[in-house]
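A look at the structure
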Protein chains: 2
Amino acid sequence: MQGLLVIISGPSGSGKGTVVKRLSPENGYALSISVTTRAPREGEVHGRDYFFATEDEFKNLRAENALLEHAAYVGNFYGTPRKYVEEQIENGKIVVLEIDVHGALQVKEKFPAAVLIFLIPPSLPELSARLNNRGTEDAVTIEARLKRALEEVPLINRYNYLVVNDDIPDAVHKIDSIVTAERLKPARSAKIIQEFIDSQKEF
Amino acid sequence: MQGLLVIISGPSGSGKGTVVKRLSPENGYALSISVTTRAPREGEVHGRDYFFATEDEFKNLRAENALLEHAAYVGNFYGTPRKYVEEQIENGKIVVLEIDVHGALQVKEKFPAAVLIFLIPPSLPELSARLNNRGTEDAVTIEARLKRALEEVPLINRYNYLVVNDDIPDAVHKIDSIVTAERLKPARSAKIIQEFIDSQKEF
């Protein structure tokens, strides 16, 4: 089966983490693994949770254009290794990258075949309610997240698909449908077309 | 729900007729209805099976660019009325048009939002077996159909999707997935995006 890179973005509280967890490895999904300069935490395994790298190694990867995107976060670097993504795609995997808008658009530039999916909650009051129920953010932070969600709306047009996450199984079904459809595009079907042509030799 | 025009083409013996019959009206599918100058047969109802028209009426429709495509077949004219298709889409229907490559590309030109799906059998020997089993065509006709199937292969790249019809339920599932995905494109989601923006007024 044709591999694929799928990027999922959406405001904090859109439920993208939960949706991504439901994308089944049995259906070919595989999470992307980031390179990071952060020290491993207890139980974290190199090549499973992260690829751990020194700052020099990270800078070399960046200089060699070996990262599809990168960002700094509380003093550490994080990036998506192109080689790992390409190998997984080569093996027919649907590589899933959960990333913010900024990172998603970086990847799209370096890897135009990536399929960008934007996940939104059904409404801003619903988003507010979810963030309040989560109980991990204070009122000021929630206000800032709502504002940011609105600011990101115009960027939806740079994504390939928009999924409203009203119901988790429904959102997962929609992402499965997107993946099924994307794999049926003629640009990804060269092998099937060639096999059909070659089948004339079987007579 | 967002309406859509879906065009399905494929060689004779690809099983497109059977697949189209399985696209359920309960899921919003509606067959396109052709205009024809052919006389109604017993039991045929105007506006259900065909829109029956005189040759003058047909020529007027054609002159007014009111047909998305048209063709002549054994002395009669056939065409796809733009107005009917647009009304159905406006009502949220998935209008299905089963048509040959020539007609499909005519429609795509006049109606770029149309979603073009090409259906192929798994192989040429399988296509040959299906045509032989059907028992309605002689050996010369079957040979011509196989030749034409091969000739149409390069046109697959002008379609949006390629579905191999190896198994009817699987092909129907793939078409359902394509429709689900197409409806999630941002260009077709303007209403959802506006509703999300407007929901800030609900606070």
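Residues numbered from 1 in each chain as written. Chains lettered and ligands numbered in written order. Predicted model: local features only at pLDDT ≥ 70, side-chain atom pairs only at ≥ 80, totals over all residues. Heavy atoms only, no water.

This next bit is on the overall build of chain A. Tallying secondary structure elements over chain A gives 8 helices and 9 strands in all. With the principal axes as the frame, chain A shows a C-alpha extent of 70 × 45 × 30 Å. The long-range share in chain A, meaning contacts at least 24 apart out of those at least 6 apart in sequence, stands at 68%. Working note: accessible area of chain A is about 10400 Å², and carbon and sulfur atoms make up 50% of it. (Helix = DSSP H or I, 4+ residues; strand = E, 2+ residues; numbered from the N terminus. Contact = heavy atoms within 4.5 Å. Areas by Shrake-Rupley, 256 points an atom, 1.4 Å probe, with all protein chains shown as cover.)

Moving on to the interface of chain B and chain A. With 36 residues of chain B in contact, the opposing surface of chain A contributes 36 residues. Buried surface at the junction of chain B and chain A, both sides included, amounts to about 3100 Å², of which 80% is carbon and sulfur. A per-residue breakdown of the area chain B buries against chain A is headed by Leu184(B), Pro186(B) and Phe196(B), which together make up 22% of the total. Inspection of the chain B/chain A interface yields 4 residue pairs in polar contact (both at pLDDT 80 or more). Of all the secondary structure elements, the ones that give two or more residues to the side of chain B that touches chain A are α5 (124-134), α6 (139-152), β9 (161-164), α7 (168-183) and α8 (190-198) of chain B. Of the residues belonging to the side of chain B that touches chain A, the class tally is 24 nonpolar, 9 polar and 3 charged. (Buried area = accessible area lost by both parts, 1.4 Å probe. Polar contact = N/O pair within 3.5 Å; in protein donor to acceptor, adjacent residues only side chain to side chain. Nonpolar A, V, L, I, M, F, W, Y, C, P; charged D, E, K, R; others polar.)

Residues and elements named next belong to chain B. Interaxial distance between α5 and α6 falls to 10 Å at its minimum, and their mutual angle equals 145 degrees. Pair α5 / α6 crosses with right-handed handedness. Contact residues: Leu124, Leu127, Ser128, Leu131, Asn132 and Arg134 in α5; Ile142, Arg145, Leu146, Ala149 and Leu150 in α6. Looking at side-chain class alone, the contact of α5 with α6 contains 7 nonpolar, 2 polar and 2 charged residues. (Axes fitted to C-alpha atoms, helices over the stretch in contact; angles between N-to-C directions. Left-handed = near helix turned anticlockwise from the far one by under 90°.)

Quick look at the sheet that holds strand β4 (residues 50-52) of chain A now. Residues and elements named next belong to chain A. Within the open sheet, the 4 strands sit side by side as β4-β3-β6-β5. Their pairing is mixed. Both outer strands of the open sheet, β4 and β5 (67-73), are each paired with one neighbouring strand and no more. Strand-to-strand, the axes of this sheet are offset by a mean angle of 25 degrees, without reference to chain direction. Where strand β3 (residues 34-36) meets β4, 3 bridges bridge the pair, whose relative direction is parallel. Looking across to β4, one finds that valine 35 is bridged to phenylalanine 51. (Pairing = 2+ DSSP bridges.)

So, about the relation of the copies chain B and chain A. Superposing chain B onto chain A takes a rotation of 180 degrees plus a shift of 0.0 Å along the axis, which leaves an RMSD of 0.0 Å. Expressed as an axis order, the relation between the two copies is that of a two-fold axis. By C-alpha distance to the rotation axis, the residue of chain B lying nearest is Ser177(B), at 2.2 Å. (Least-squares fit on C-alpha atoms with pLDDT ≥ 70 in both.)

When you line up the elements, Ser189(B) lands in the loop between α7 and α8. By relative accessible area, Ser189(B) is classed as buried at 2%. A polar side-chain atom of Ser189(B) sits 2.9 Å from the main-chain carbonyl oxygen of Lys185(B). If we ignore the near neighbours within four places in the chain, the residues touching Ser189(B) are Leu162(A), Arg183(B) and Leu184(B). (Buried < 20%, exposed > 50% of the residue type's maximum accessible area, 1.4 Å probe, protein only.)

Residues and elements named next belong to chain A. In the structure shown here, the tally under the stated rule is 12 aromatic pairs over all chains. Seen in terms of ring centroids, phenylalanine 51 and tyrosine 84 are 5.3 Å apart; in terms of plane orientation they differ by 65 degrees. Their pairing is edge-to-face. Of this pair, phenylalanine 51 sits in strand β4 while tyrosine 84 sits in helix α3 (residues 82-90), placing them 33 residues apart in sequence. The ring centre of phenylalanine 77 lies 5.5 Å from the NZ or CZ of arginine 62, which sits over that ring. (Phe/Tyr/Trp six-rings, centres within 6.5 Å; stacked < 30°, edge-to-face > 60°. Lys NZ or Arg CZ within 6 Å of the ring centre and 35° of its normal.)

What follows deals with the pairing of strand β7 (residues 94-98) of chain B. All names here are of chain B. Taking burial as the measure, the 5 residues of β7 include 4 buried ones, the bulk of the element. Sheet analysis places strand β2 (residues 29-31) next to β7, joined by 3 bridges and oriented parallel. Of the residues in β7, the one forming a bridge with alanine 30 is valine 95.

What follows covers the side chain of Ser128(B). Position of Ser128(B) relative to the elements: it lies in helix α5. By relative accessible area, which is 12% here, Ser128(B) ends up buried. Residues within four places of Ser128(B) in sequence aside, it is in contact with Phe203(A) and Leu146(B).

The next thing to look at is the sheet that holds strand β3 (residues 34-36) of chain B. Hydrogen bonding along the main chain pairs the strands of a sheet, whether they run parallel or antiparallel. Residue and element names in this part refer to chain B. The strand order across the open sheet built from 4 strands is β4-β3-β6-β5, with neighbouring strands paired in mixed fashion. In this open sheet, the two strands that pair with only one neighbour each are β4 (50-52) and β5 (67-73). Geometrically, the sheet is characterised by an average inter-axis angle of 25 degrees between neighbouring strands, direction not taken into account. As defined by bridge partners, β3 adjoins strand β6 (residues 76-81) across 2 bridges and the pair is classed as antiparallel. Its bridge partner being in β6, valine 35 is matched across the sheet by glycine 79. Packed onto the sheet, helix α2 (residues 55-63) meets β3, β4, β5 and β6 and runs at close to 45 degrees relative to β6. The sheet contacts of helix α3 (residues 82-90) involve β4, β5 and β6, and relative to β6 the element is tilted by about 30 degrees.

Residue and element names in this part refer to chain A. Counted according to the given criterion, the structure contains 30 salt bridges over all chains. Glutamate 44 is the partner of arginine 38 in a salt bridge, and the nearest nitrogen-oxygen pair spans 3.0 Å. Judged by relative accessible area, which is 9%, arginine 38 ranks as buried. Residues joined by salt bridges that share partners form a network here, namely Arg134, Glu137 and Arg145. (Salt bridge = Lys/Arg side-chain N within 4 Å of Asp/Glu carboxyl O.)

Quick look at the environment of Ser24(B) now. Residues and elements named next belong to chain B. Secondary-structure assignment places serine 24 in the loop between α1 (16-22) and β2. For serine 24, a relative accessible area of 22% translates into the label partly exposed. Each C-alpha atom, one on serine 24 and one on valine 172, is 9.6 Å from the other, the two residues being 148 residues apart in sequence.

Spatial relationships are all this shows, so hold off on functional conclusions.
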